[in-house]
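Summary of structural features
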Amino acid sequence: MRLLRLGNSYETDANIAADDNKVAVSERLLGQALGEDVETTSRVIWPGPELPELIDRWLDRYDPDIALLIVSSYWFTNVSLPLQLERRFGRVGKAVARRGELLVRNPRLARNPVFERARQSARKRLGGATHFTPEYINELMETCIRRILLREQVALVVRGPRLAFAFEDTPKSKRLAEERRQIVHRRLRELCAQLHIEYIGYESAQAPQDARSEFQDDLVHATTAVHAEQGEIEAEALIAAWRSQHPA
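Cut-offs applied
- Residues numbered from 1 in each chain as written.
- Predicted model: local features only at pLDDT ≥ 70, side-chain atom pairs only at ≥ 80, totals over all residues.
- Heavy atoms only, no water.
- Axes fitted to C-alpha atoms, helices over the stretch in contact; angles between N-to-C directions.
- Helix = DSSP H or I, 4+ residues; strand = E, 2+ residues; numbered from the N terminus.
- Parallel < 35°, antiparallel > 145°, perpendicular 65-115°, else oblique.
- Left-handed = near helix turned anticlockwise from the far one by under 90°.
- Contact = heavy atoms within 4.5 Å.
- Buried < 20%, exposed > 50% of the residue type's maximum accessible area, 1.4 Å probe, protein only.
- Pairing = 2+ DSSP bridges.
- Core = buried A, V, L, I, M, F, W, Y, C linked by side-chain atoms within 4.5 Å.
- Right-handed = clockwise from strand over helix to strand, strands pointing away.
- Expected span 1.5 Å × (residues − 1).

It is worth spelling out the packing of helix α2 (residues 51-62) against helix α7 (residues 134-149) at this point. Where α2 meets α7, the axes come as close as 9 Å, and the angle between the chain directions of the two elements is 25°. Taken together, α2 and α7 sit at an angle that is classed as roughly parallel. Viewed along their axes, α2 and α7 form a crossing whose handedness is right-handed. Residue-level inspection shows L51, P52, E53, I55, D56 and L59 of α2 in contact with α7, the latter providing L140, M141, T143, C144, R147 and I148.

If you want it as structure tokens, here you go:
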């Protein structure tokens, strides 16, 4: 069985052992349930306008039996100060933003109270920006889903946005992030029900600031325990989608 995963940076996270990554977990469980060897191809996707054509090419190249499309909350709930700098100040802002991103990735700085206070102060003065709007993501994802469904032999699973990336550790910021997430989740849930697609949805979501033990220092990438949990959830949906399409 050939599985094509269209996912995010969790798919290739070097900080998680390969056998513990949710890709490997779901592959093992899928193979055990269906009694077949599973060959997984993972592709990290970014929701640019070229994505539907790129997915078409991957479908041609890998000829999957089953596909998993992961819609990442990061694309439209993560409000980024570096992105705001880049959009507001052009080339100079881009250089400052890149330097800031490197500092944030430094484990010794990531949770340093002084550094975090400086980041919060800059955020309050300059604000932030999301990469994409929920409305854009809804339109693009529907196009991608319908493209995949044109391949009638492919069983499809869609995983909706799981997290609400709050800009600040405040109730208002968390509420705004969840409101953006809900716009995409509700539309995907409705679309998948309409098209009879297996959907992994989350009716409510935590901000990473409220579940720090489940995340690495960047508060974006998850721990090994979360990979195990998500691998099981994804495997369950993949098994259901396959059995629905192949009842015999």
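That covers the picture; the talk isn't over yet.
Every other side chain in a regular strand lies on the same face of the sheet, so the side chains alternate between the two faces. Within strand β3 (residues 66-70), five of the five residues are buried, leaving the element largely enclosed by the surrounding structure. Both faces of β3 are covered, namely the face carrying I66, L68 and I70 and the face carrying A67 and L69. Here strand β1 (residues 2-7) pairs with β3 via four bridges, running parallel. Across the sheet, L6 pairs through a bridge with L69, a residue of β3.

This part covers the nonpolar core. M141 and V158 are the most contacted members of the largest nonpolar core, which has 29 residues in total. Elements supplying a minimum of two residues to this core: β1, α2, β3, α3 (74-77), α7, β4 (155-159) and α8 (171-195). Of all the elements, α7 adds the most residues to this core, at six residues. Dropping the residues within four chain positions of it, M141 is found in contact with L51, L69, V71, W75 and L188. Formed by 17 residues, the second largest nonpolar core is a distinct cluster that contains A155, I200, A237 and I239.

Judged by how many residues are buried, β4 sits mostly within the fold: five of five residues are covered. Burial of the side chains of β4 extends over both faces: A155, V157 and R159 are buried on one face and L156 and V158 on the other. In this structure, β3 lies alongside β4, joined through five bridges in parallel fashion. Its bridge partner being in β4, A67 is matched across the sheet by L156. In the sheet, β4 pairs with strand β5 (residues 198-200) via three bridges, with the strands oriented parallel. Along β5, the bridge assignment pairs R159 with I200. Taken together, β4, α8 and β5 constitute a β-α-β crossover, and its handedness is right-handed.

The phi torsion at D63 lies on the positive side, around 45°, for a residue other than glycine. Inspection of the secondary structure puts D63 in the loop between α2 and β3. Positive phi outside glycine occurs at L219, with the angle close to 55°. Mapped onto the elements of the fold, L219 is located in the loop between β5 and α9 (224-245). According to the relative accessible area criterion, L219 is buried, its value standing at 16%.

This part covers α8. Its 25 residues give α8 an end-to-end C-alpha distance of 36 Å, which sits within 8% of 36 Å, the value for a rise of 1.5 Å per residue. Just downstream of α8, H196 is the residue with a positive phi angle, here 60°.

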